[in-house]
Amino acid sequence: MFFRAFNDNIYIEKIYKTRFLSSWAKIFKTSTLKDNNIQFLEYIGEDGIFTFTVVLNSKKVTITTIPTYIYYSIEGSMIHKHDVEKFYRHMDGMKKTRDVLKEHNVNLEKMLAESLEHSLLVFSNLNKKDKDKAIKEIYDYEQSLNCKLKVKKFELKYLNNLILNKKFKRAIFISEIYSSLYNNDTIKQIYRDMNNKIR
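Residue positions are given per chain, counted from 1 along the sequence in the order it is written. Owing to the predicted nature of the model, reporting of local features is limited to residues with pLDDT of at least 70; listing and counting of side-chain atom pairs is limited to 80 or more, with chain, interface and lining totals taken over all residues. Hydrogens and water molecules were not included; the side-chain quantities draw on all heavy atoms of the structure.

Turning our attention to the overall build of the chain. A helix here means a DSSP run of H or I that spans at least four residues, while a strand means a run of E at least two residues long, and both kinds are numbered starting from the N terminus. The helix and strand tally for the chain stands at nine helices and two strands. N-terminal to C-terminal, the α/β element order of the chain is β-α-α-α-β-α-α-α-α-α-α. For the chain, buried positions account for 42% of its 199 residues. For every accessible area listed, the method is Shrake-Rupley and the probe measures 1.4 Å; residues are considered covered only by the protein chains on display. Accessible area for the chain stands at about 12,700 Å²; split by element, carbon and sulfur atoms hold 53% of it. Three exposure classes are used, based on accessible area relative to the maximum for each residue type with a 1.4 Å probe and protein chains only: buried under 20%, partly exposed in between, and exposed over 50%.

Here the focus is the packing of helix α5 (residues 109–124) against helix α8 (residues 168–182). Relative to each other, α5 and α8 sit at 85°, their axes nearing to 8 Å. Viewed along their axes, α5 and α8 adopt a mutual orientation that is roughly perpendicular. Of the residues in α8, those touching α5 at L121, F123 and S124 are I172, S175, Y178, S179 and Y182. For this classification, Asp, Glu, Lys and Arg are treated as charged, while Ala, Val, Leu, Ile, Met, Phe, Trp, Tyr, Cys and Pro are nonpolar and the rest, including Gly, are polar. Of the residues in the contact of α5 with α8, the class split is five nonpolar, three polar and no charged. Every axis in this analysis is a line fitted to C-alpha atoms, fitted for helices over the stretch in contact. Angles between the N-to-C directions lie between 0 and 180 degrees. Note on terminology: angles under 35 degrees are roughly parallel, angles over 145 are roughly antiparallel, angles of 65 to 115 are roughly perpendicular, and the others are oblique. Here a residue-residue contact requires only that any non-hydrogen atoms of the pair lie within 4.5 Å.

Right, let's get into the packing of aromatic side chains. Stacked, edge-to-face and tilted are the three classes for Phe, Tyr and Trp ring pairs, Trp counted by its six-membered ring, which pair at centre distances within 6.5 Å; planes under 30 degrees apart are stacked, over 60 edge-to-face, the rest tilted. For the structure shown, the criterion picks out four aromatic pairs. Taking the centre distance of 5.0 Å and the plane angle of 85° together, the rings of F28 and F50 count as edge-to-face. Remark: F50 occurs in helix α3 (residues 46–56) and F28 occurs in the loop between α1 (9–16) and α2 (30–35); sequence separation between them is 22 residues. For F50, a relative accessible area of 8% puts it in the buried group.

Moving on, we come to the environment of V122. In this fold, V122 is placed in helix α5. Here the alpha-carbon distance between V122 and V84, two residues 38 residues apart in the chain, equals 8.2 Å.

A carboxyl oxygen of Asp or Glu within 4 Å of a side-chain nitrogen of Lys or Arg is what we treat as a salt bridge. A complete count under the given rule lists six salt bridges for this structure. D130 is the salt-bridge partner of K129, the closest N and O atoms lying 3.7 Å from each other. E176 serves as the salt-bridge partner of K131, at 2.6 Å between the closest nitrogen and oxygen. Linking K131 in helix α6 (residues 128–143) with E176 in helix α8, this pair joins segments that are 45 residues apart in sequence. Accessibility expressed as a relative area gives 0% for K131, which makes it buried.

Printed below as a string of structure tokens:
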């Protein structure tokens, strides 16, 4: 499958349905990176920004359905670690993603919504004392957007609606319940299996 006009949101939406954001599933042309001074920056969500920037500066992109990469999920890996440092690094990455999309006039609410879901999950697993400041970070971020993000996962949608309505105490209380459920190994596995089926 080939695409040429990447300033068109229709094309961006089509290729997003693939494992588009993950840079580990791509082969990039070195000259495109060098000619456009594209670098892989260090923050959470950096692969999405990197991939978007490369695609938006490419003359042609090829997508194949041939399996070329095997992804293993390992307990204790960085992606499963939820702490206050990861939360703020992830929020920083989301802000950079927002800015790149605005700069290129690309409307990709689905990507931003999925990033928000991840931030809400990390938020739920923070220590209670860190949540007072973190919840306002989520609220301020969403207020900075020119759209309302559609959170799909029902439990995170409920949490997000509480935050948007500035019901912070109730949102923190609900997040504590989510955290206790998420950290139950059996429930966590069921949750992941359900999400994999949805994808």
